[in-house]
Structures are given as C-alpha cells and as structure tokens.
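Residue-level listing of the chains:
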Number of protein chains: 2
Amino acid sequence: MVDIATRVWNHRWKIDPIVRSLIDTDFYKLLMCQSVFRNKPDTQVTFSLINRTKSVRLADLVDEGELREQLDHVRSLSLSRGESTWMRGNTFYGKRQMFSSEFMDWFENLRLPDYHLEKRDGQYELTFEGSWPEVMLWEIPALSILMELRGRAVLGTMGRFELQVLYARAMTKLWEKIEKLQPLEGLRVADFGTRRRHSFLWQDWCVQAMQEGLGDAFPGTSNCLIAKNRDLEAIGTNAHELPMVYSALAEDDAALARAPYDVLSDWHDEHDGNLRIILPDTYGTRGFLENAPDWLAGWTGIRVDSGDPATGAETAINWWKSRGEDPREKLVIFSDGLDADKIVALHEQFKGRVKASFGWGTMLTNDFKGLTPDNRLAPFSLVCKAVEANGKPTVKLSDNPNKAMGPEAEVERYKRVFGVGEQERVEVVV
Amino acid sequence: MVDIATRVWNHRWKIDPIVRSLIDTDFYKLLMCQSVFRNKPDTQVTFSLINRTKSVRLADLVDEGELREQLDHVRSLSLSRGESTWMRGNTFYGKRQMFSSEFMDWFENLRLPDYHLEKRDGQYELTFEGSWPEVMLWEIPALSILMELRGRAVLGTMGRFELQVLYARAMTKLWEKIEKLQPLEGLRVADFGTRRRHSFLWQDWCVQAMQEGLGDAFPGTSNCLIAKNRDLEAIGTNAHELPMVYSALAEDDAALARAPYDVLSDWHDEHDGNLRIILPDTYGTRGFLENAPDWLAGWTGIRVDSGDPATGAETAINWWKSRGEDPREKLVIFSDGLDADKIVALHEQFKGRVKASFGWGTMLTNDFKGLTPDNRLAPFSLVCKAVEANGKPTVKLSDNPNKAMGPEAEVERYKRVFGVGEQERVEVVV
C-alpha cells in the first residue's frame, strides 16, 4: 500500500507523472471515441479548458513550464501491450469485444495531437484542435493535470508532517462517508471522479476504500487504468459532447431539433443493455423526453446530470409511465454534485420506485475542503468542452442556466428550437 | 517516514520487537536506578504486574508463547555503544555527566534478570525478583510489552485497509488535540506515554507530531531511545517507587514517618534545578507537605500525580505561601490522567499563579478509544509496582483510595503513621 504523504514528500513527483497512461481516462471517453471513430471520424473540433471558478487564478498558481511538461508527457504516451490486451480481451457490461479490431488498431497507433497554451487574466487558455476522435481524448488528461498541478502547488509549501496529517484527515473523511453509505440496502455507487481528482494516487486509494468499504455496492470505476490494475469493472456510457457536436453540425433548425435523437440512434445500433442510458439534459430534459421517439422509452435508463436531481428523476419516472413503461424496471443514474448525504437522501427517496444508481465524482476523489488553512485545496469547477465543430460553435443548455455555454445568439436559437422556457438556477460548486 | 499501517500489515511484527533497546524506557527510571545503585544497591525487591482493569482478560487475549518471546528478547538486550555514548556525553537539564562512570560501567554490563510468569483467572501473574537496581528496569518494558501484545492481538484480526483507516483516524485524533493546545501561551507539555503506549512506532509518531505541532511548547519525551533518535530532551525526575521501598525498609513507625523525606534527602545530594521535583502524594499530599522540612520548600516544583489535579496544585501553592515562597517562581507538573481538554483547563486555571507543566501519558500515546468496534483497542489501567522489599510488603496510598495498594493491615498502619483521613475517590481510567 502506497504511503501517499511520504511519496508526495520524498519524490516531489519526479517519478509520478500526473497522467501515466492513455487509458488513465474515463471509460465513456473510449466508448464515445469508438462511436465517433465509426460515425464522424473526419469532424474537426476544438476543445477548450474553462475554469468556472474565476477566483482560482490558475495561471498564478501553476507554473507554465510544469504544465507544458505534463501535457508533453501525455503526448508521448501510447497504448501499451497490456492495456491493449485488456481492452481487446475484457468483458464490459457482460459483452466481449466491445471495441472493434478497426478501432483498436487505430487506437494502438494513436498519439494525442498538439495543444495551444497561453495565459490570459490569470487563467490558462488551453485548446486542442483536430479530428474529433483524437482531440476528444484530451479532455480528461487536461482536467486531471490542471487539477493536480494546482494541488501540487499547495502541497509543495507543506511540511512532511503536515502532509501526513493532511492525508490522514482526508482518509478519515472519506471513510466516514463510506460508513454512511454502508447501511443502504441495494445501493450501487461507482467512482466517476477521474477528471477532478486530487491526484492519481489519491483516486486509486479512494477506489480501494470503496472496494473494501462497500463490497458489491461498489460496481466499479470510470477510470480504465484503475479498473485494469484493480480488476474492477470499468463504468460509463456517453456524455454531452455527442449531442453538442451533432447539433453544431446540423444544417438548419429542423436538423438541429433531430440531432440529439440522431446521437442516440447511432448509439442504439452499437450498444444494448446497461449502455443504453439516455442523457436527456443537454438542451433541457422536459422537452427532450416529450419529443422523444418511442424506441427511446425502451432504453435501460436515464442519467440525471444537472438541475435538481430529485426533480430530474421524477420527470424520468413520469415520462416512463406516460410511455407505458414500468419505472421499477428502469435505471436512474445520478451523477451531478453528489456527496454521501445526498446519495443517502436520493437512495431513500427513490427506493422501490426506480432502480437508482450513483456516479460519485469530485466529492469522492477530491474532498480536501477544509483540510488546509485558506481552503487552498478545495476542489473547483473546471471543465474542458468541445466549443466548435467544423467551424461552428457548440451550445449546451442543461437543466441549470449556470451550466449553459455557447455564444448568446446561438443559446437563444437553441432555446427556441428545443422549447426551453424558464429554468431554475442551481449553484455549481464542482 | 514510517507508514505504520503498512508495517503492521506487512511484517506482522517479526522485525518489530516491542522493546528494542535498554533505553527504550522512561528517563526517570535511569535517574532513579543510579540513585538506587548508589544508595541501596543490595536491597532485594519484587516487582509485580497489576491489571487494574479486570474486564480486560489479558491471559485470554495474549498468547503466552508470544509474551515469553518478547520478555526473553528484552533479556537479550544490552546497552549499545551509541546508547552508552549518548548517556555519557549528553547534557540533561543543562548538566553534563549526569550519569557517573561507576554507574555507566555497571549499566553497560547489565542484562535484565529472569522473570516469573503464570496464568491465573484470565490474567498473567508476572513478577521480577532480585536486586533493586536491576529489577526496577523491568517495569517499563513489561508494561509496554503487555500493552502492545494486547493491541497486536486485536490488530491481527484487521484487514490491510482497516488498519490504514485506523491509523489515519488515530493521527487525525491526535492532531486535533495538538491544535487545541497550539494557542496556549507559555505551554509546556512533554510526552510521558512510554509505559502504556499503543506501540513503539506509534509513540515515535506521536512525538514527531508534538514536535511539529507544538515546537518549543514540547520540551521533550520521557522515552530515552526516542529522545536520542529524535535529538530531543529526555524528561523525568523520580517516582513513587523510591518512597515505597524506603518506607518498606523502615524498622519502626518513626523511621517510616521519616522515610519519604530520606528519599528526597538522598535526591537533594545528587540533583539540583529542574530535577528537584517533589512527588508528595505517596502517602497523602497534605500530611507530607505539612510535615516537610524547610529545605524542601526550596525545591523547584511539585508533581501532582493523583487525586483532583486542581486541588493538588492549590495545596502546593498554599504550602509554598505558608513557607514564605513565591508560587509564581515554582513549577507544578501535572502528570495524572491528562488529555487535551484537561490540559487546556489547568493551563488557564493556573496561568500567572504558578509555572505549570504537563507530562502527558496514555491519552497522548494510546488514544485508540472508539476507533474499533467494541472498543477493543482502548487503553486500560496496567501497572508494574515494587510489592516487596527485603521481604517486607510495600504500600502506596496516594491521594486517591482507588490507587492505594498493599496488604490491608499495612495500609491502615501507614494511614495512621502519615495521618491520612478520609480521601475523595477518583475513577482511574488509565
């Protein structure tokens, strides 16, 4: 077992690159990558880093040279033999050969494309341009690098002993959350915390804590490298990136209105079972479900990723009922802003009414809130999004106006096309 | 820095003997040993283990073979060259050559004498017989061996991960106590926790925590090995053992009444400054001070080791005043049943009225209370005392009848000789 505090102190990270493998990423990235590789390989996209917590001035905290070193290290990575074997030979959600030979051949030869980095107003402008299946793989490494470099800047000022107490506190804090979850019958909560983790070693520790503390209630982790190393299930389905790019590519309003369903139609052809999870909130959940074709009601579940989670789940339940489906046979995956107390509350609220499952992210793998004076290790809201596709801007609305993004005129157009009215604002913490 | 949890898990203690040096003991044992070596070398004494917490059935918890192995290991130890150099060359309380050449020559050749061990009623009867300066050195190793073996019996049932969380919690718990102490101006609190420590590695960690957390407010540790390894001051003066044996040797009541003062008279000839600390409670503090010769009022301080500590300190202050001494120039050392909250309260109460100093024992080095289900690692009240000297029983009264020991008739005789009336009972936890 790694003594994280001592490792942090002794090595000063020289032997710990932040991202140490191309599969040190979320499983859904690889699933989506294969889908994009198959359906939209030539689309040119731009991904861009966006720090929603302006008070954290990343360019003042993180040394540019170190940032470039870490990004360059990722560009030097390629899929190892063992990683390829794991992807080719593994069973995902009970299915063999989830990844096709064509995709694997391509992935084995992949190096990540170049990046563009400059400082502006105390923040980093970090963008990635190129073909969609390549560029999209930058999102998770870029986020975990920035998040961990900011952490290292703080940790570097701490003494050997302060570090040990820091990690002791963080361990105690997480374990106490796990103890809150232990009594819940039928609980299923997975690790979704790669992108905003405190560090790789720490995420790895959190996963082991979940394994030991929750047993079967912990189905696995979204992180492929950790899933591989720890013999766990890799967990995930799809994300907003797909409808955002499909929508940006739409020629007119009619095509735009169809785009989010086109995404799921492509997905429907490729996947079944637990991978058929609707992410309905990109342009407002209510409208999306009302206008959804009937075949979507046959899908396994819905992921609730913005807005008030209980409201989102109620909306899903009502929609299934209106389409003649039994919600008790359906899965709701909560994945937004979770922490132990909220998981307990949602689990209790929906027990027996729907199958609930949880993708626990930042507050699982980065809850260092309150553990240092000035709270300098608290997680913050960093994202890396597709902002352009074939020269046209992308738009996201979600069920929370605080999470909306895109040029104002386009946002208004999308709201009109998707019939989104007034939305409740929910504070975005992480 | 040692990762204690992993060490406990990996090594299963094969490379971690509980007592690893003859100076892995309290400093005052060595000071007293030299005094006894000089003044009463031929006295034959018996030391005996006494478990005051009957509910902890040591003989059921601790394997006899393992216990013998650890005790035998201590008998194989002799003073190393480096340890001898440290004792000969070091400055203790500003004084060079605290230990005489004669004593060091003797100590360098010492091996601890044999022990007698049997089981009775779920407890171990463990006794040591022989010449006082040799036998007395068994007290601290015997206690730390029993305490740690009981801990190991519990730890041996725990998983790798449970162990890591256990130590993370214990670290967090101690650090939070240290944070309570940090704001106290002029605080002085030393480690007195060798005898009932959770383990050697853990005590060593606690000492480092105190060093880093309290700085100058942490003057040092009673443990000589740790003081040596960590370049700290070794702390301590004298204990009840001296008046108990001197008193047992007294020929008649008149000699008995004199005995506790004879002890300090011998000590007065050998030591000055911070080593002139009166331990007045062996046969009742009030009577001891009332009948004390005037030269004792000139001593540096008083150690309060039983009864209500605030009452003990007030008694000391009043006594100094009655002898024309300024209490603000005097030192009160609190050393009984301390924990962070009590230290804070006593520090505040006596600020500006007397110099207060703290010898923090069990709850510094063994506060695993509440950290396991069933509380199986909670510290308990184990002592190892001189019970006989030259064939005559010893007696201790202290300021708390729950801490009294000795044959009933002798206890009554001592009470009469020392004029001890009704005493308030104080619960003995550790």
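Residues numbered from 1 in each chain as written. Chains lettered and ligands numbered in written order. Predicted model: local features only at pLDDT ≥ 70, side-chain atom pairs only at ≥ 80, totals over all residues. Heavy atoms only, no water.

Further remarks concern the nonpolar core. By size, the foremost hydrophobic cluster in this structure holds 270 residues, and its most contacted members are A:F107, A:W360 and B:W360. Each residue touching A:F107, except ones within four places of it in the same chain, is listed here: A:L22, A:I23, A:L30, A:L79, A:M87 and A:L137. (Core = buried A, V, L, I, M, F, W, Y, C linked by side-chain atoms within 4.5 Å. Buried < 20%, exposed > 50% of the residue type's maximum accessible area, 1.4 Å probe, protein only. Contact = heavy atoms within 4.5 Å.)

Moving on, we get to the packing of helix 16 (residues 309-322) of chain A against helix 17 (residues 340-350) of chain A. Residue and element names in this part refer to chain A. At a minimum axis separation of 11 Å, helix 16 and helix 17 run at an interaxial angle of 25°. Taken together, the axes of helix 16 and helix 17 lie roughly parallel to each other. Note that helix 16 runs across helix 17; the crossing there is right-handed. Within the contact between the two elements, helix 16 uses P309, A310, A313, E314 and I317 and helix 17 uses K342, L346, Q349 and F350. Here the residues of the contact of helix 16 with helix 17 are counted per class, giving six nonpolar, one polar and two charged. (Axes fitted to C-alpha atoms, helices over the stretch in contact; angles between N-to-C directions. Helix = DSSP H or I, 4+ residues; strand = E, 2+ residues; numbered from the N terminus. Parallel < 35°, antiparallel > 145°, perpendicular 65-115°, else oblique. Left-handed = near helix turned anticlockwise from the far one by under 90°. Nonpolar A, V, L, I, M, F, W, Y, C, P; charged D, E, K, R; others polar.)

Applying the stated criterion across every chain, the model contains 56 aromatic pairs over all chains. Centre to centre, the rings of A:F161 and B:W175 are 5.9 Å apart; their planes meet at 35°, and the pair counts as tilted. Here A:F161, found in helix 9 (residues 160-181), pairs with B:W175, found in helix 9 (residues 160-181), and the two come from separate chains. Accessibility assignment for this pair places A:F161 and B:W175 in one class, buried. Grouped by ring-pair contacts, the aromatic residues A:F27, A:F37, A:W86, A:F92, A:Y93, A:F99, A:F103, A:W106 and A:F107 constitute a single cluster. Taking the ring centre of A:Y246 as reference, the NZ or CZ of A:K40 above it sits at 4.4 Å. (Phe/Tyr/Trp six-rings, centres within 6.5 Å; stacked < 30°, edge-to-face > 60°. Lys NZ or Arg CZ within 6 Å of the ring centre and 35° of its normal.)

Turning to the sheet that holds strand 14 (residues 392-393) of chain A, a few remarks are in order. Residues and elements named next belong to chain A. Strand order in the open sheet formed by five strands is 4-5-1-13-14, with antiparallel pairing between adjacent strands. The sheet is open, and its two edges are formed by strand 4 (116-120) and strand 14, each paired on a single side. Two elements, strand 13 (residues 382-389) and strand 14, share two bridges in a ladder whose sense is antiparallel. In the sheet register, A389 faces strand 14, and the bridge partner there is K392. (Pairing = 2+ DSSP bridges.)

Residues and elements named next belong to chain A. Per the UniProt record, "modified residue: Phosphohistidine" (unreviewed entry) is found at H240. With respect to the helices and strands, H240 occurs in the loop between strand 8 (233-234) and helix 12 (241-249). Here H240 is in contact with L279, D281, T282, D305, K385 and K396, once residues within four sequence places are set aside. (UniProt positions renumbered as here; feature names shortened; annotations may be inferred.)

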